[in-house]
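Residue-level structural notes
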Amino acid sequence: MIRRFLYVLAAVLLALPVCAAAQSNDDTPTIRPGKSMHYTDTLNRAKEREQFLEAIRLAPSTFVYEDIKIGDGTATIKGMRLNSSMDNTLETAIVKADPRLEKKFRRINGWTRALGAACDLKVDWRYLSNGAIYVEYDISRIRFFVYSNPK
């Protein structure tokens with residue numbers, strides 16, 4: 001699950017043309033106001049489900065953000081800094097325990113580091129009758145070249 005989320009996020013960040021981006025009030029490139037990206041995933045394998053739930057549990061202490069709210073079936077992160085969050089993610093036990101996952105995270109980190117991206121992320125999930133977890137990701141307010149830490 002974590003792998004899929006980061007692949008999606010990396011692909012989105014790499015695919016968005018910075019020169020075509022509109023300027024926000026803080027002079028950092030962003031996608032057009034009101035636009036967001038929506039992705040879904042179904043976690044069928046037990047390992048994916050365990051990693052997802054552990055990632056949700058670790059998010060407040062791992063990600064760098066302006067505000068975070070985690071409730072039953074919903075997590076909302078405002079102003080998530082991708083570079084700092086990736087650095088912290090690479091140090092977690094989940095990633096350290098899986099060499100393939102660590103290699104993929106390092107590769108994604110290398111591709112996206114220069115962008116200095118920040119975004120808002122909303123994750124909704126629910127359990128299906130077969131034991132799988134259905135997950136929806138909404139990525140919005142994507143900004144590039146945001147290198148300062150949140151206040």
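A brief look at the structure comes next.

We now examine the pairing of strand β5 (residues 74-81). Relative to β5, strand β4 (residues 67-71) is paired through 5 bridges, and the arrangement is antiparallel. When the bridges of β5 are listed, K69 appears paired with T76. Here β4 hands over to β5 after 2 residues, with G73 in that stretch at a positive phi of 85°. Where β5 meets strand β6 (residues 118-127), 6 bridges bridge the pair, whose relative direction is antiparallel. Counted as the bridge partner of T76 is K122 from β6.

Compared with an ideal rise of 1.5 Å per residue, which puts 17 residues at 24 Å, helix α2 (residues 46-62) spans 23 Å between its outermost C-alpha atoms and is within 8% of the ideal. At I56, α2 shows its maximal kink, close to 35°; a proline, P60, follows between one and four residues later. Buried within α2 we find E48, Q51, F52, A55, I56, L58, A59 and T62.

Turning our eyes to something else, we now look at helix α3 (residues 82-90). Those residues of α3 lying buried are L82, N83, S85, M86, T89 and L90. Buried residues in α3, looked at end-on, bunch into an arc of 165°, giving them a common side.

On to the pattern of salt bridges. Summed over the entire model, instances satisfying the criterion amount to 12 salt bridges. For E66, the salt bridge goes to R81, with nearest N and O atoms at 3.4 Å. Placement of the pair is E66 in the loop between α2 and β4 and R81 in strand β5, with a sequence separation of 15 residues. On the basis of relative accessibility, which here comes to 42%, the residue E66 falls in the partly exposed class.

Reading guide: rules and limits
- Residues numbered from 1 in each chain as written.
- Predicted model: local features only at pLDDT ≥ 70, side-chain atom pairs only at ≥ 80, totals over all residues.
- Heavy atoms only, no water.
- Pairing = 2+ DSSP bridges.
- Helix = DSSP H or I, 4+ residues; strand = E, 2+ residues; numbered from the N terminus.
- Expected span 1.5 Å × (residues − 1).
- Bend = angle between axes of the 7 residues up to and from the residue.
- Buried < 20%, exposed > 50% of the residue type's maximum accessible area, 1.4 Å probe, protein only.
- Arc of directions from axis to C-beta.
- Salt bridge = Lys/Arg side-chain N within 4 Å of Asp/Glu carboxyl O.

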